[in-house]
Amino acid sequence: MFSDKIQVTRSSMPPIEEYIEEIKSLWDSHWLTNMGEKHNQLEERLIKCLDVPNLSLFTNGHLALECVVQAFNLTGEVITTPFTFVSTTHAIVRNGLKPIFCDINPDDYTIDTEKLERLITEKTSAILPVHVYGNICDVYEIHRIAQKYNLKVIYDAAHAFGVTVNDTGIGNFGDASMFSFHATKVFHTIEGGAITFKEESFKNKLNSIKNFGITGQESIEDIGTNAKMNEFQAAMGLCNLRNIDKDINSRKRVVERYIENLENINGIKLLKEQKNVKSNYAYFPVVFDGYKNSRDGIYELLKQNNIMARKYFYPLTNRIECYKDYFSSQGTPVAEYIADRVLCLPLYADLALEDIDRICKIIKG
Ligand SMILES: *Cc1c(COP(=O)(O)O)cnc(C)c1O
């Protein structure tokens, strides 16, 4: 049943012996969560790996994002994009804030900085852009705008593990960035996530919010939540981190094979490499625009062949049931255009090259 079905992604896993070795000490310590030994080791290693000054682990990426938005005490409106996973928008709304949707640019599908500035009002307190597919936003221009209007910048970097620009880890930009370590992401801790951030003093605030607001045995200063990463998650992270370079290299090979098969075909638009950016090859989105078959047609065709591509990101978050009565997608025409035409093809480290050729043959008809 599983052998001939190709899913859009497949979690990397360490050899089982390696994981068992990693968790053995937990049977000595009986310390299973609440900033344990594995948790602290993983924080240290990720700070090195992502080349960031500060990092705090969370039980998943979404709660990390909710917590960081809360920690900055934002008010009013937050500018973001609708071309993302619904988590980005939910994190804003669940903090009692209003998302203001900015369009994306047609080149890399990140926030269109030329349309951003005109959305700023006296109510705006932050910008929450997304490094979608691991494509980085125009971090320098966003920094300039944020300085000019005194806004916080929080990046949704869920897709951007290990990405660098001009040899700088992507988690160094903005006031904070959220990374997701969900099982479907490039690096995972089964479920998990992290916030990287600029101000060292911010760590106490984040650690408090992710642990009910507890700041001492008898003091609870914040209306916090429970978003702590447990030791089994952290142990999985420690194992996966040993293999991450190899994994990203394997993904690169997969992406290159797709490009060989699908480049220079009329009506098929592939992502361009971004200048001075080291990619993590997280996703392979293809835009079918004027191709002989539609995106939905290709999706069905692949499905008939047991190949599960995904319409990431469709529908836009300003068009889904819980938001569509409050927002309009008319203000984000490029996002709407891409969402109607994009398909993410299967991509994971051990996807066989023959399978890629087979997938592309079906697409090419
Ligand atoms: C995966 C993802 C999240 C949420 O991360 P979880 O770890 O699954 O909670 C947020 N934003 C984007 C863009 C994502 O892809």
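Right, let's walk through the structure included here. From a predicted model like this one, the values you see are computed outputs, not experimental measurements.

1. Overview of the sheet that holds strand 15 (residues 342-345)
Two modes of strand pairing occur in sheets, parallel and antiparallel, and in both the strands are linked by backbone hydrogen bonds.
Argument step 1. What the three strands build is an open sheet, ordered 12-14-15; its pairing is antiparallel. The outermost strands of the open sheet, each flanked by one partner alone, are strand 12 (268-270) and strand 15. With strand direction ignored, the average angle separating the axes of adjacent strands in the sheet is 35°.
Argument step 2. As judged from the three bridges shared by strand 12 and strand 14 (residues 284-288), these two strands associate in the antiparallel manner.

2. As for the site of the ligand
Argument step 1. The environment of the ligand is formed by 15 residues, the closest being His62, Asp156, His159, Ser180 and Lys185.
Argument step 2. The separation between an oxygen atom of the ligand and a polar main-chain atom of glycine 61 is 2.8 Å.
Argument step 3. Take lysine 185: an N or O atom from its side chain is 3.2 Å from an oxygen atom of the ligand.
Argument step 4. Every element with two or more residues in the shell around the ligand is listed here: helix 4 (61-71), helix 5 (86-93) and strand 8 (176-180).

3. Some points on the pairing of strand 1 (residues 54-58)
Argument step 1. Along strand 1, five of the five residues are buried, which leaves the element largely enclosed by surrounding structure.
Argument step 2. Burial along strand 1 is two-sided: the face carrying Asn54, Ser56 and Phe58 and the face carrying Leu55 and Leu57 are both buried.
Argument step 3. Pairing analysis gives five bridges linking strand 1 to strand 9 (residues 193-197), with the strands arranged antiparallel. Within strand 9, the position partnered with leucine 57 by the bridge is alanine 194.

4. Topic: the packing of helix 3 (residues 37-50) against helix 9 (residues 231-242)
Argument step 1. One way to put it is that helix 3 packs onto helix 9 with a least axis distance of 8 Å and a crossing angle of 35°. Crossing angle aside, the handedness with which helix 3 passes helix 9 is left-handed. For the pair helix 3 and helix 9, the contacting residues are Glu37, Lys38, His39, Gln41, Leu42, Arg45, Leu46 and Cys49 in the first and Glu231, Ala234, Ala235, Gly237, Leu238, Leu241 and Arg242 in the second.
Argument step 2. Looking at the contact of helix 3 with helix 9, its residues break down into seven nonpolar, three polar and five charged.

5. A look at the sheet that holds strand 7 (residues 168-169)
Argument step 1. Strand order in the open sheet made by the three strands is 7-6-13, with antiparallel pairing throughout. In this open sheet, the two edge strands, each paired with only one partner strand, are strand 7 and strand 13 (277-278).
Argument step 2. Taken together, the two bridges between strand 6 (residues 164-165) and strand 13 define a ladder with antiparallel strand orientation. Looking across to strand 13, one finds that threonine 164 is bridged to lysine 278.

6. Re the environment of leucine 97
Argument step 1. As for its position among the elements, leucine 97 is in the loop between helix 5 and strand 3 (98-101).
Argument step 2. Among the residues examined, leucine 97 registers a relative accessible area of 8% and is labelled buried.
Argument step 3. Once the C-alpha coordinates of leucine 97 and lysine 24 are considered, the two residues, 73 residues apart in sequence, prove to be 44 Å apart.
Argument step 4. Beyond its immediate stretch of four places on either side in the chain, leucine 97 contacts Val69, Leu74, Thr75, Gly76, Val78 and Ile92.

7. Looking at the side chain of arginine 251
Argument step 1. Counting through the fold element by element, arginine 251 comes out in helix 10 (residues 244-262).
Argument step 2. Residues within four places of arginine 251 in sequence aside, it is in contact with Lys185, Val186, Asn280, Tyr281, Ala282, Leu347, Tyr348 and Ala349.

8. Digging into the nonpolar core
Argument step 1. Core analysis: the largest hydrophobic core is formed by 86 residues, its most contacted members being Phe83, Tyr258, Leu262, Leu302, Leu345 and Ile363.
Argument step 2. Among the elements that make up this core, the one with the highest residue count is helix 10 (six residues).
Argument step 3. Counting only domains with at least three residues in this core, you end up with domain 1 (16-102 + 109-242) and domain 2 (244-364).
Argument step 4. For leucine 262, the contacting residues outside a window of four places in its chain are Ile268, Leu270, Phe284, Val286, Leu345, Cys360, Ile363 and Lys364.
Argument step 5. Phe58, Phe72, Ile154 and Ile195 belong to the second-largest nonpolar core, a separate cluster that totals 26 residues.

9. As for the packing of aromatic side chains
Argument step 1. Tallied over the full model, the rule gives 19 aromatic pairs.
Argument step 2. Residues tyrosine 312 and phenylalanine 313 carry aromatic rings whose centres are separated by 5.3 Å and whose planes lie at 35° to one another, so their mutual orientation is tilted. Side by side, tyrosine 312 and phenylalanine 313 carry an identical accessibility label, which is buried.
Argument step 3. Following the ring pairs from residue to residue traces out a cluster consisting of Phe83, Tyr109, Tyr133, Tyr283, Tyr312 and Phe313.
Argument step 4. Its end group placed over the ring of tyrosine 337, arginine 341 keeps NZ or CZ at 3.5 Å from the ring centre.

10. Here we look at the environment of serine 29
Argument step 1. Relative to the helices and strands, serine 29 is located in helix 2 (residues 26-29).
Argument step 2. In this structure, the C-alpha to C-alpha distance between serine 29 and lysine 278, residues 249 residues apart in sequence, is 40 Å.

11. A few points about the packing of helix 4 against helix 8 (residues 202-209)
Argument step 1. Where helix 4 contacts helix 8, the axes come no closer than 10 Å and their chain directions differ by 125°. The orientation of helix 4 with respect to helix 8, classified from their angle, is oblique. You can see that helix 4 and helix 8 cross each other, and the crossing is right-handed. Of the residues in helix 8, those touching helix 4 at Cys67, Val68, Gln70 and Ala71 are Phe202, Lys205, Leu206 and Ile209.
Argument step 2. Here the contact of helix 4 with helix 8 is composed, by residue class, of six nonpolar, one polar and one charged.

Here is what the cut-offs are and how they apply
Residues numbered from 1 in each chain as written. Predicted model: local features only at pLDDT ≥ 70, side-chain atom pairs only at ≥ 80, totals over all residues. Heavy atoms only, no water. Pairing = 2+ DSSP bridges. Helix = DSSP H or I, 4+ residues; strand = E, 2+ residues; numbered from the N terminus. Axes fitted to C-alpha atoms, helices over the stretch in contact; angles between N-to-C directions. Near = heavy atom within 4 Å. Polar contact = N/O pair within 3.5 Å; in protein donor to acceptor, adjacent residues only side chain to side chain. Buried < 20%, exposed > 50% of the residue type's maximum accessible area, 1.4 Å probe, protein only. Left-handed = near helix turned anticlockwise from the far one by under 90°. Contact = heavy atoms within 4.5 Å. Nonpolar A, V, L, I, M, F, W, Y, C, P; charged D, E, K, R; others polar. Core = buried A, V, L, I, M, F, W, Y, C linked by side-chain atoms within 4.5 Å. Domains from an automatic or database assignment. Phe/Tyr/Trp six-rings, centres within 6.5 Å; stacked < 30°, edge-to-face > 60°. Lys NZ or Arg CZ within 6 Å of the ring centre and 35° of its normal. Parallel < 35°, antiparallel > 145°, perpendicular 65-115°, else oblique.

Honestly, it's all geometry; don't read function into it.
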